[in-house]
Each structure stands twice: as C-alpha cells, then as structure tokens.
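Structure at a glance
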Amino acid sequence: MPTLCEKIIQQHLMEGTMEKGSSIAIHIDQTLTQDATGTLAYLQLEAMGIDRVKTEVSVSYVDHNTLQNGFENADDHKYLQTVAQKHGVYFSRPGNGICHQVHLERFACPGKTLLGSDSHTPTAGGIGCLAIGAGGLDVACAMAGLPFSLPMPKVINIQLTGALKHGVSSKDIILKVLQLLSVKGGVGSVIEYSGEGVKTLRVPQRATIANMGAELGATSSLFPSDEITYDFLKKQGRADAYIPLQADEDAVYDAVYTIDLNELEPMIAMPHSPDRVMTVKEAAGMKIDQCCIGSCTNSSYQDMMNVAEILNGHMVHEDVSLTISPGSRQVLMMLSNAGALGTMIQSGARILESTCGPCIGMGQSPISNAVSLRTFNRNFYGRSGTLSANVCLVSPETAAYSALKGYLADPRQASYNAVQEPDSFLYNDDFIIKPLPDTSSVKVVRGPNIKELPKQEPLADIIRKKVLLKVADNITTDHIMPAGAKVLPYRSNIEKISQFVFENVKPNFADICRKENGGIIVAGENYGQGSSREHAALAPMYLGIKAVLAKSFARIHHANLINFGILPISFVNADDYDDIDEMDELELSDLRSLTPHCRICVQNKTKHHTYIGTCALSAFDVDKLMAGGTLQYIKTKQK
Ligand code: MIC
Ligand code: SF4
C-alpha cells in the first residue's frame, strides 16, 4: 500500500525510518546545477577536495546569467565549463536551454532521485522522478556521494478527473491547486497526482504542474510513470530509461483533493503571490502592457506551438510588448522547422534566447506601473525589476490571446486548433559537453569575479545581538537576496552581493549590519519561501546575522541557514513575535548544549521579557551548526 513517493524513497533510503516528519537520508542518483547557484556549488565541491563526482549523472547548466553585460557572467560560464570537465560533470552550454526543460528532455528518468540547486528541480516529477530542490552546498555534498537528509514527507494526493477543455491548460490546473492549498499548503509534503485526468496529460504538461509544486512549498511533486511517459522517452530516443511506476491501489495519503478538469476554467494569479488566484473571467478586460511567454514552467514544444496557433495571422496589440523564450534549443529548432517561429516573428513577438530571461529579471523589466502577464511561476514583488509593476501568472494560451487583444482575455474565445505532441522530438546533444574519462590535464579557469568562500566561526555559547530587521509572513528569498541583471553577476562574489541583502525591504540593511557588527532577524510565517538560492543565507551570514527567529520557515531556506551556521529558531508561542521590536537586544544562551528539537531561551534584554524558541534540527544539523556550517564540519571531519 505505499504511495509512489514512498516506493522511490524506500529504494533510496540510507538512514532513518520512513516515519512522517522524522529525519531520513536518501541516496541521490542525479544532480543538476544552474549558473546562478552553480558557481558556489562547485567552489564548495572543490573545497571538499573531491576529484570526480560520485553520482550516476551530474549536469551543470547555464541558463540564468546569460546577459553578458560586463565580464562577470562570461567568466562564471568559463569557470563552470572547466570545473565541470575537471570533475566528470556534463556541461550544457549557454543557449542549450533552461535546466529543467533540458533535464526533462535529455536526462530525467522515472524512479530515480534528482537533487538540484534550483527550487524548480521537481519539474522532473512530471516523468516520475523524485526530484528535489536544495541549496548548492547540499547538491555539492550529493555530488560528493553523501546522502541527502530531509524530513520524511507527508503525501498529498490530487486526483484529476475528466479532461481539459479548449483554451484551458495544465497551468490552470496548478493555479487551481495553488488556490486550494496556498503557498504554504505543500510544506513538508510531496504532492502526488493520480486519476483518469492524468492519462490525458502529456509529460511536458505534467511537468508544468510538478514545476509549480515549488510554489506550494512542497518538497516535490510526482506523476506516475505510464505509457505516456514511455511514449515521451521513446520520442526523445531514451526508451530504455522507462520503468512503469505508480502508487498502489490502496495507497494511504495524508490528504486527498479532487479537481474535475471538465469544469476547470483559465486561471490567473494576481500580484504579488502565486496563490492569489482567481478565474480569468473574473479579471477579464484588465488593460495590459506586457506579456512574457516562456520559463521552466511553460516553454515546451506544445506550449509554444499553441501560442503560434493563436498568434497566426494576427498582430500583437500596439500597447503590448510580447516576448517569447522557447525552453530549449530542441524546442527552438522544432519551432523553426515547423514554421512557427516565423509565425511568431510575423505577429510582432520579440524572440528571446532559450534561457530564464525575464523570469529572473534578466532584462525585459516592464514599464512603470505595468500590468505584465507572464507564463512563469513566480510573481513576487520586485522580481521583474520594476518595483511598481503588477505581474500576473497565466497560461501561454491566455498570454498569447491577451497580447493580441491588449487586455486580459479568455482564451476559450480564441479560435485555434490545439497542437498535439509531435511524433518525435528533434533531439541532439551536440551542445552538451560530456565528461572526460581522464581529467588530469583540465585546468579550471577562474576569472577575477570568482572570490573565495567566506568562513564562519563555530557557534558561540551565547549570542547577544540586536534585532536589525523585523519582517512579516511569507518573506521570499527574492526579498532577502534580490536577483535581476544588476545583482546576479555577483553570485560568485559574496562581499559584493551582500551589499544588496534586503535592498528592496530596507535599503540600508547591509550598512546597519556593519555598524551593529551583525545581529538577528525576526520574521513571520514561511520565512524564506521561493528560490533555493543559498546566497539568501550566505550573504546575511557574511553580514554577521547569527540567528533568525521566525513563526515558521520554508524547507530549503531552513536547510540553507543551517548550512551557513545561522540558527533558525521558531517561536513556541507565535504571539511573542508581536512583543519584539527592531533594535531590541536579544540574548540566546546555552547554545553549545544544542540538541535535536531542543528549546532555546530567548531573553529580550531591552524589554526584560523571556520567550521560548525551538530548533527543528537533526543530529547532523546540530553538528553542522556547532562547526559553523556544513563546509567547516566536513573539513573538520576530513582532518
Ligand atoms: C528562481 O526561480 O528564483 C531561481 C533563480 O531559479 C532560483 C535559483 C536562484 O536563485 O539562483 C530558484 O528557484 O531556486
Ligand atoms: Fe529560471 Fe525562472 Fe525557472 Fe527559476 S523559475 S529556473 S529563473 S525559468
């Protein structure tokens, strides 16, 4: 009676028992990194002294920092290429596509485990792979052959019945799930999809849904591996990767929801959160300024072909800028061969590289006060690069149809023929540099932007620091460590990037940290949701942040804080949050006696009040914190 998730975990279990919430460690078969998190991951791998990765497959992608406005990003690409060669890692060159789309096409396998230094790694759940996002350091550890620790997840089942109607797409399914569960609804869980409706969805459509499980806060999302999976793998020339896989008929789930696809309508997530969902009909008519189609969520061949069908013979509205970024070189080639690229260009679409592009604020920031419809997965405040912009998330069909109209329009009214999956995909791996058998002659190239990793001291017994920032619920890693074309080039330069920590929340935060010689952050629920970027822990650590006191934490960020020696403390009594003000002085004591799931006494020296906090830690986490972070811990062990 196991669920699909439990079957895969069972086969990979290295430590612990499969009791919900208890700490387990699993073997990782594959890893992926992208350039914005990859440089740190490989610097950490090098620091561990590992010659060659121990995984079945590890792939390094370049897809985020591709706007080469200065030498920094190009230098990073060269470092990534050479360090990959040195350590037996596949290297997907810039231009080959977005990591999750390419990994789905060329590497992901049902039944395998995949750990990626990007929160949307679960995209590969669309093919039945247990794929998890993590910080770069955890991915470096997996490349070094160490098991990956996580709490044994709960399993939420979403049953899909019926079939999607004209103009409704798989993006609308996941937006509906977000409406049901919210950005916190998946925390600590894997989401498993089943039911007759699943059989009507092709692998890339399933991948769209699995991708945005990250926005639910879920550990991963999974689809069964069935004849549709086999068909996709066969068309990618990878039929031998197929194994059938599904939950047992009588699998027991922690919660079950049903969505009837027959009844589903086009959906939209309003600013600035992916769970502020309503139907397109409810918001229809809203004037728009920009539409961006692409990202790891919606850039498959079928997505793009449907867009071309809708645009065919029409011009983009004069007040709208439409950008299209196909997800991979494979998709782009196929669009070109099918004539769809010509259709898009003819309609006035601006064709961008096969990269993340506007999704991570790498160009195409919209005009002031814009309404921008995007087929992406995140519409967090400021992420587009225009602080006054209102970004909404929609399906490719809604974006394309609205781009023609100049206002939010319901694609069920568009007359177009939905495109089916092709008979075969145009695959070739010429843009993926394969690992060399002998790497002894490879020289790793480091440009001047690649700096050494900062070091952290072992945990002190007493921390007495001021609260330098108090923030509300659902703070994203985009709030903590903004991305975008200005900041991303410094992902390998922690001193430089730390200047931007909380830039859009408290512009002088870095200066205050320096003046006060570090401090503590107080936060509400779900602190650190969103991206896996470990810079959101490493850069605050560099600024002297010693602890975060929050009502609750997002999974990946919680792990990243521990990796960099910052104490993640949860309030036992959530009301204590209200009692603390910025610049209050807090004292945390007896920290050298920290144990898993221990309580910590927090004294407010300014108000003379005492609060109780807890730390949800495994024994391994305690060791890491004591040493001052994971890298320090591994180094001490090696001595
Ligand atoms: C994102 O979508 O926010 C990113 C950029 O892909 C991140 C990784 C990063 O910050 O580099 C993610 O989702 O993990
Ligand atoms: Fe890239 Fe956007 Fe996907 Fe992150 S969410 S991997 S930035 S396309």
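Residues numbered from 1 in each chain as written. Chains lettered and ligands numbered in written order. Predicted model: local features only at pLDDT ≥ 70, side-chain atom pairs only at ≥ 80, totals over all residues. Heavy atoms only, no water.

A few words now on the overall build of the protein. Looking only at helices and strands, the protein has 22 helices and 27 strands in total. For the protein, whose C-alpha radius of gyration is 23 Å, the value lies close to the compact-globule estimate of 26 Å for 639 residues. Each principal axis of the C-alpha distribution contributes one length, and for the protein these read about 70 × 55 × 55 Å. Residue burial in the protein is summarised as follows: out of 639 residues, 63% are buried. Look at the contacts in the protein between residues 6 or more apart in sequence, and 76% of them connect residues 24 or more apart. Of the roughly 22200 Å² of accessible surface on the protein, a fraction of 49% belongs to carbon and sulfur atoms. (Helix = DSSP H or I, 4+ residues; strand = E, 2+ residues; numbered from the N terminus. Rg over C-alpha atoms; globule rule 2.2 N^0.38 Å. Buried < 20%, exposed > 50% of the residue type's maximum accessible area, 1.4 Å probe, protein only. Contact = heavy atoms within 4.5 Å. Areas by Shrake-Rupley, 256 points an atom, 1.4 Å probe, with all protein chains shown as cover.)

What follows deals with the environment of Ile132. By the secondary structure assignment, Ile132 is in strand β7 (residues 130-133). Counting along the chain gives 409 residues from Ile132 to Met541, while the straight-line C-alpha distance between them is 24 Å. Not counting residues within four places of it along the chain, the set of residues in contact with Ile132 comprises Ile26, Leu114, Leu115, Gly116, Thr121, Phe148, Leu150, Thr219, Ser220 and Arg555.

Before going further, it helps to spend a moment on the sheet that holds strand β25 (residues 585-588). With mixed pairing, the seven strands of this closed barrel are ordered in space as β21-β22-β23-β24-β27-β26-β25. Averaged over all adjacent pairs, the angle separating strand axes in this sheet is 35°, with direction ignored. The sheet contact formed by strand β21 (residues 463-470) and strand β22 (residues 519-523) spans three bridges and is parallel. When the sheet's bridge partners are listed, Leu469 is paired in β22 with Ile521. (Pairing = 2+ DSSP bridges. Axes fitted to C-alpha atoms, helices over the stretch in contact; angles between N-to-C directions.)

Quick look at the sheet that holds strand β6 (residues 113-116) now. If you walk across this open sheet you meet the six strands as β7-β6-β3-β4-β5-β20, and the pairing is mixed. A single partner strand is all that each edge strand has here, and the edge strands are β7 and β20 (432-433). Here strand β3 (residues 30-33) runs beside β6; their pairing, made up of three bridges, is parallel. Its bridge partner lying in β6, Gln30 is registered against Leu114. Across the sheet, helix α4 (residues 99-106) touches β3, β4 (57-61), β6 and β20, and the angle it forms with β3 is around 150°.

Our next topic: the site of ligand 1. Around ligand 1 sit 14 residues, and of these Asp118, Ser119, Arg491, Ser532 and Arg533 come closest. The contact in question runs from an oxygen atom of ligand 1 to an N or O atom on the side chain of Gln34, over 3.0 Å. At a separation of 2.7 Å, an oxygen atom of ligand 1 approaches a polar backbone atom of Ser532. Taken by itself ligand 1 offers 330 Å² of open surface, and the protein chains cover 97% of this. Tallied by class, the residues present in the shell around ligand 1 amount to two nonpolar, seven polar and five charged. (Near = heavy atom within 4 Å. Polar contact = N/O pair within 3.5 Å; in protein donor to acceptor, adjacent residues only side chain to side chain. Nonpolar A, V, L, I, M, F, W, Y, C, P; charged D, E, K, R; others polar.)

With that out of the way, let us pick up the site of ligand 2. Around ligand 2 sit His64, His100, Asp118, His120, Ser295, Cys296, Cys356, Cys359, Ile360, Asn377 and Arg383, and those are all the residues in its vicinity. A breakdown of the residues in the shell around ligand 2 according to their chemical character gives four nonpolar, five polar and two charged.

Let's shift gears to the pattern of salt bridges. Tallying each qualifying case throughout the model produces 29 salt bridges. For Lys607, the salt bridge is made with Asp584, and the minimal N-O distance between the two is 2.6 Å. Here Asp584 lies in the loop between α20 (576-579) and β25 and Lys607 lies in the loop between β26 (599-604) and β27 (609-614), a separation of 23 residues in the sequence. On the basis of relative accessible area, Lys607 is assigned to the partly exposed category, the value being 26%. Classification of Asp584 by relative accessible area gives buried; the value is 5%. (Salt bridge = Lys/Arg side-chain N within 4 Å of Asp/Glu carboxyl O.)

Let us look at the nonpolar core. Formed by 82 residues in total, the largest nonpolar core has its most connected members in Met48, Phe502, Phe509 and Tyr527. With six residues, the top contributor of residues to this core is helix α5 (residues 136-143). Ala124, Phe232, Ala349 and Tyr416 belong to the second-largest nonpolar core, a separate cluster that totals 62 residues. (Core = buried A, V, L, I, M, F, W, Y, C linked by side-chain atoms within 4.5 Å.)

Further remarks concern unusual backbone geometry. Geometrically, the link from Pro271 to His272 is a cis peptide bond, its omega value of -5° lying close to zero. Tracing the chain through its elements places His272 in the loop between β13 (267-269) and β14 (277-279). Of note, Gln364 is a non-glycine position whose phi angle comes to about 60°, a positive value. Inspection of the secondary structure puts Gln364 in the loop between β17 (350-351) and β18 (371-374). With a phi angle near 75°, Met583 is a residue other than glycine that sits in the positive phi range.

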